[in-house]
Amino acid sequence: MVFDYLASGLVFSSIIVLGSIGLSLIYSIADFANFAHGDTMTVGAYAAFVTFGAVGGLGTSVLGLPIGFFVALVAGIAVAAVVAVVTEKVVYDGMSAGSIELLITSIGIAFVYRAIIQIGFGADFTRYEVQTLRPIEALLPYGVRVTQHDVAIVLSALVLVGSLHTLLQYSDLGRKMRAMADNPDLARVSGIRTDRVKLWTWIIGAGLAGSGGVFLGLYNQLSPRMGFNLLLLIFAAVILGGIGSVYGAMLGGFLIGMINQLTPVLTELGALLPLVPDSFGIPIGIEYANAIAFVIMVAVLLVRPNGIAGEAT
Amino acid sequence: MRVLSDPKGYWADLTRSEQGVVAFIVAFAGLLLVGLLTGALAPTYFLYLVGLAGMYALLSFGLNSQWGFTGLINFSVAAFFGIGAYGTALMSASSSPIAGDLLPIVGLVVALVVAALLALAIGIPTLRLRADYLAIASLGLAEVVRLVVLNERQFTNGSAGVRGIPPFFEGFPVLADLPQMMPGLAIRPLPGTTIVLETPFWGALLNVVVVLGFVGVSYAVLRRAHRSPWGRVLRTIRSDEDLARALGKNTYGFKMQSFVLGSLIMALAGVFYAHLNLFVSPGDLDPVTTFYVWVAVILGGSGSNRGALFGGFVIVGIREGTRFLNEFAWIPIDVAPLRLLLIGVLIVVLMRYRPQGVLPPQRELIWPKVVDEAPDRPDSGVREAKVGGGDD
């Protein structure tokens, strides 16, 4: 059983990591907590939904997913990035306001995204038109029930996170972004075009969020609230990792995703641990999975406000 | 009252936006009056709307004393509202799973105590940190409170909600039975229309009295507090926390006081709502309530109590007004997302183009005496004063 929870934790944390990286990047470079980030994920998911409906399967499939789905994934990433850039240009860019005012504005933006999606697609749940798969046979003896789709999610997330790592560490843009996250004024006087770096940050952050949204739709279902419901977990991940640290956000996202999916273990703790009676368990049901993330977040704020990987403020 | 003795001078003294707001209020009140007289608007429903508007005004006061005074971003308005509503409902309702059938006033006290404890619990970890941590943590708190109310069936009845909440004046002498004792009245304001006022009307009237009492007391307290030295410290914290700290103020303590005060007022709104609606359910804790209140405060003018009052009324107008849109068949879509869109666009447009709101705090921050006694021009010019006082 635990292996199964760990496996689904791995899948879920891939999604959270994709969301939290973007949020952390925007937090450190655009300097505000973007409450519209969850709804950017929803935008990506629905853009992929429309694209997939238009292009169809396109023949062969990889890991149970037709090629058309990967085209839709790219479309979802692109649309999320474009929407975020347009929002940045139209709304945030012209505001001469502090981070608090931007934060409140981003709530309004989140509602606008969600309302438009709800007007276009209705409030009901939908699914991608991909075949539902049976769990992979080879893993069933170990009690692990994952489908090829889950494997596809984890692998795609690994590819995306890996390329982000390469970009941040070895490219010119990555060095500029790290410089700007560190000290925007210093970056500016050093001749870095901070506006352009900021724009790229939005593209990368929102693009990753869009991919996370597509995978969330594949993992669960699509609904206009899907992103906003995930926002709290993503924030918990970012705070756990330390605001402004991209690698912290990855670690935080991984931990929060794991803990979220491991919640059922709490009630059956006795059966797993040696030396405690089998009936022992912490009576917290899965309905409180999101609440646990919140409690962890508050505990981190109390003990170590800069997060596990954060630098001093 | 200067409005009555010198209406022209009063009008001329107002700022442009104040004139606009006054004109709007007068026009809207006129519209309501016409509706009432012609019978298009039932008096009982009208009083219900007034009660609802008073409730939103209370919520806006609460948020204004956190965000407007001190700059604290509280995204858990709905949670404190829900604590207030459930606190009193679980104490006084006949179907309450825990206590039940206690006096509503006991419920009021319990609700306020729980709200204060919750505010402390969320304030302690976050108020020492940057302002946005409170925003994130309070959004999480709202979700946790909603989950607890929804899932702890043995304490809260879960999604079924709590029924059988008595009116607020249950157990009071005279007031408790007043609606039943009042005679039914039939009045004819205009020829051809008859309005019958019966027990529900008097009950609704009592509710309005309660909420006006709550609103009046909160307004008086907040107005006084805002001008007091305590309020000045809060305003300093809002504009520059480092400055307040450099002046030797314990900003953490002040922020905590402001946060708890605002949360108490929000819980008060929840208490009133439970006794207005006589039924509470987890649906009342929907986070969107929080953002209605945010729009009310930003629209009215952050930091302005009368702005919060105005914003609260406008929000009820939006909420109940969009309900009528459903009756037009030519609108092909559901109204719920439209309302969400309206709220979102309002937030963005206000923050983008008029972050100070329509009634920004101006004269209300200054003691009136100071304005009245201030001379129009100084007794002596600056130059003379310099020449006279200097040695060189």
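Residues numbered from 1 in each chain as written. Chains lettered and ligands numbered in written order. Predicted model: local features only at pLDDT ≥ 70, side-chain atom pairs only at ≥ 80, totals over all residues. Heavy atoms only, no water.

Peer 1: Kindly report on the overall build of chain B, identifying the contributing residues and their values.
Peer 2: Along chain B, the regular secondary structure elements total 18 helices and two strands. Looking at chain B alone, contacts between residues at least 24 apart form 76% of all its contacts between residues at least 6 apart. Roughly 18600 Å² of accessible area belongs to chain B as shown, and the carbon and sulfur atoms make up 65% of that amount. (Helix = DSSP H or I, 4+ residues; strand = E, 2+ residues; numbered from the N terminus. Contact = heavy atoms within 4.5 Å. Areas by Shrake-Rupley, 256 points an atom, 1.4 Å probe, with all protein chains shown as cover.)

Peer 1: How would you sum up the overall build of chain A? Please name residues and give values.
Peer 2: Across its full length, chain A carries twelve helices and two strands. What you see in chain A, going N to C, is helices and strands ordered as α-α-β-β-α-α-α-α-α-α-α-α-α-α. Considering chain A as a whole, with its 313 residues, one finds that 53% of them fall into the buried category. Restricting the contact set of chain A to residue pairs at least 6 apart, pairs at least 24 apart contribute 75%. (Buried < 20%, exposed > 50% of the residue type's maximum accessible area, 1.4 Å probe, protein only.)

Peer 1: Tell me about helix α4 (residues 99-121) of chain A, and please be specific about residues and values.
Peer 2: Residue and element names in this part refer to chain A. Taking 1.5 Å of rise per residue, the 23 residues of α4 would be expected to cover 33 Å, and the 33 Å separating its terminal C-alpha atoms lies within 8% of that figure. Burial of α4 is extensive: 17 of the 23 residues sit out of reach of the surface. Phi turns positive, to about 80°, at G122, one or two residues after α4. (Expected span 1.5 Å × (residues − 1).)

Peer 1: I'd like a description of the interface of chain B and chain A, backed by residues and values.
Peer 2: Each side of the interface is counted separately: chain B has 41 residues, and chain A has 39 residues. Buried surface at the junction of chain B and chain A, both sides included, amounts to about 3500 Å², of which 81% is carbon and sulfur. When the area that chain B buries against chain A is broken down by residue, the three leading residues are B:Y133, B:I136 and B:R352, summing to 18%. Taken together, chain B and chain A are joined by zero salt bridges. At the junction of chain B with chain A, the criterion picks out four residue pairs in polar contact (both at pLDDT 80 or more). The element best represented in the side of chain B that touches chain A is helix α7 (residues 131-151) of chain B, accounting for 14 residues. Of the residues contributing to the side of chain B that touches chain A, the split by class is 31 nonpolar, four polar and six charged. (Buried area = accessible area lost by both parts, 1.4 Å probe. Salt bridge = Lys/Arg side-chain N within 4 Å of Asp/Glu carboxyl O. Polar contact = N/O pair within 3.5 Å; in protein donor to acceptor, adjacent residues only side chain to side chain. Nonpolar A, V, L, I, M, F, W, Y, C, P; charged D, E, K, R; others polar.)

Peer 1: Could you give an account of the packing of helix α9 (residues 226-241) of chain A against α7(B), with specific residues and numbers?
Peer 2: α7(B) packs onto α9(A) with a crossing angle of 135° between their chain directions and a minimal axis gap of 10 Å. On the basis of their axis angle, the class for α9(A) and α7(B) is oblique. By crossing handedness, the relation of α9(A) to α7(B) is classed as left-handed. The residues of α7(B) that touch α9(A), namely those facing A:L231, A:L232, A:F235 and A:I239, are B:Y133, B:I136, B:L139, B:G140 and B:E143. Residue composition of the contact of α9(A) with α7(B), grouped by class: seven nonpolar, one polar and one charged. (Axes fitted to C-alpha atoms, helices over the stretch in contact; angles between N-to-C directions. Parallel < 35°, antiparallel > 145°, perpendicular 65-115°, else oblique. Left-handed = near helix turned anticlockwise from the far one by under 90°.)

Peer 1: Break down a nonpolar patch on the surface for me, with residues and values.
Peer 2: Residue and element names in this part refer to chain A. Taken together, the side chains of V55, V62, L63, I67, V71, L155 and L158 make up a nonpolar region of the molecular surface, amounting to roughly 520 Å² of accessible area. At the level of elements, α3 (67-92) and α5 (148-170) are the ones that each hand at least two residues to the nonpolar patch. You can see L155 is positioned in helix α5. Given a relative accessible area of 44%, L155 falls into the partly exposed group. (Patch = residues over 30% accessible without salt bridge, like charges linked within 9 Å, V, L, I, M, F, W, Y side chains within 5 Å.)

Peer 1: Go over the nonpolar core, please, and point to the residues and values.
Peer 2: Within the largest apolar cluster, 191 residues are counted, with the highest numbers of intra-cluster contacts made by A:F35 and B:F75. Among the elements that take part in this core, helix α13 (residues 251-277) of chain B stands out by supplying 15 residues, more than any other. Residues in contact with B:F75, not counting those within four places in the same chain, are A:F35, A:L103, A:I107, B:A135, B:S138, B:L139, B:A142, B:T290, B:F291 and B:W294. Formed by six residues, the second largest nonpolar core is a distinct cluster that contains B:L47, B:L197, B:F201 and B:W202. (Core = buried A, V, L, I, M, F, W, Y, C linked by side-chain atoms within 4.5 Å.)

Peer 1: Give a description of the confidence of the model for chain B that names residues and reports values.
Peer 2: Considering every residue of chain B, the mean pLDDT works out to 83; 85% of them sit at 70 or more. Averaged pLDDT values over the elements of chain B bottom out at 59 in helix α18 (residues 382-389) of chain B and peak at 92 in α13(B). (pLDDT = per-residue confidence, 0-100.)

Peer 1: Tell me about unusual backbone geometry, and please be specific about residues and values.
Peer 2: Non-glycine residue A:D31 carries a positive phi angle of around 65°. Among the structural elements, A:D31 can be located in the loop between α1 (2-29) and α2 (37-55). Of note in the backbone geometry, B:L278 takes a positive phi value of approximately 60° without being a glycine. Looking at the element boundaries, B:L278 is found in the loop between α13 and α14 (288-300).

Peer 1: So, the packing of α3(A) against helix α8 (residues 194-219) of chain A: which residues are in play, and what are the values?
Peer 2: Residue and element names in this part refer to chain A. Across the interface, α3 lies against α8 with an axial gap of 7 Å and an inter-helix angle of 135°. One finds that α3 runs oblique with respect to α8. You can see that α3 and α8 cross each other, and the crossing is right-handed. Contacts from F69, L73, G76, I77, A80, A81, A84, V85, E88, K89 and Y92 of α3 reach α8 at K198, L199, W202, I203, A206, G207, G210, S211, V214, F215 and L218.

Peer 1: Report on the pattern of salt bridges, specifying residues and quantitative values.
Peer 2: Here the idea is simple: oppositely charged side chains can pair when their charged atoms come close. With the rule as written, the count across this model stands at eight salt bridges over all chains. Close ionic contact of A:D93 with A:K89 constitutes a salt bridge, the shortest N to O distance being 3.7 Å. Given a relative accessible area of 42%, A:D93 falls into the partly exposed group. Within the structure, one salt-bridge network assembled from shared partners comprises B:E241, B:R245 and B:K255.

Peer 1: Report on the UniProt feature "transmembrane region" (unreviewed entry) in chain A, specifying residues and quantitative values.
Peer 2: Residues and elements named next belong to chain A. Under the UniProt annotation, the feature "transmembrane region" (unreviewed entry) is placed at residues 6-29, 41-59, 65-86, 151-170, 199-219, 231-260 and 280-303. Its end C-alpha atoms 31 Å apart, residues 65-86 is made of 91% helix and 9% strand. Across residues 231-260, the secondary structure splits into 87% helix and 0% strand, with the terminal C-alpha atoms separated by 14 Å. (UniProt positions renumbered as here; feature names shortened; annotations may be inferred.)

Peer 1: Requested: an account of the packing of aromatic side chains, with residues and values cited.
Peer 2: In total, this model carries 26 aromatic pairs over all chains according to the counting rule given. With a centroid separation of 5.1 Å and 55° between ring planes, the pair formed by A:F32 and A:Y92 is classed as tilted. Of this pair, A:F32 sits in the loop between α1 and α2 while A:Y92 is found in helix α3, placing the two residues 60 residues apart along the sequence. A relative accessible area of 6% means that A:Y92 is categorised as buried. Pairing A:F35 with A:F235 gives two aromatic rings, centres 4.9 Å apart and planes at 45°, and the pair type is tilted. With A:F35 in the loop between α1 and α2 and A:F235 in helix α9, the pair connects residues that are 200 residues apart, well separated along the chain. A:F235 shares its class with A:F35; the two are buried. For the cation-ring pair, B:R163 lies above B:F279, with the distance from its terminal atom to the ring centre recorded as 4.5 Å. When the ring centre of B:W67 is taken as origin, the NZ or CZ atom of B:R238, which lies over that ring, is 4.5 Å away. (Phe/Tyr/Trp six-rings, centres within 6.5 Å; stacked < 30°, edge-to-face > 60°. Lys NZ or Arg CZ within 6 Å of the ring centre and 35° of its normal.)

Peer 1: Please give an account of the side chain of A:S211 that cites residues and values.
Peer 2: Residues and elements named next belong to chain A. Tracing the sequence through the fold places S211 in helix α8. Taking the relative accessible area as the measure of exposure, S211 reaches 0% and is therefore buried. Among the polar contacts made by the side chain of S211, one reaches the main-chain carbonyl oxygen of L208 at a distance of 2.6 Å. Apart from residues lying up to four places away in sequence, S211 is in contact with L18, L73, I77 and L160.

Peer 1: Quick one: what's the story with the side chain of B:S281, residue by residue and with numbers?
Peer 2: Residues and elements named next belong to chain B. You can see S281 is positioned in the loop between α13 and α14. Since its relative accessible area comes to 15%, S281 is described here as buried. Non-local contacts of S281, meaning those with residues more than four positions away in its chain, are made with Y86 and G161.

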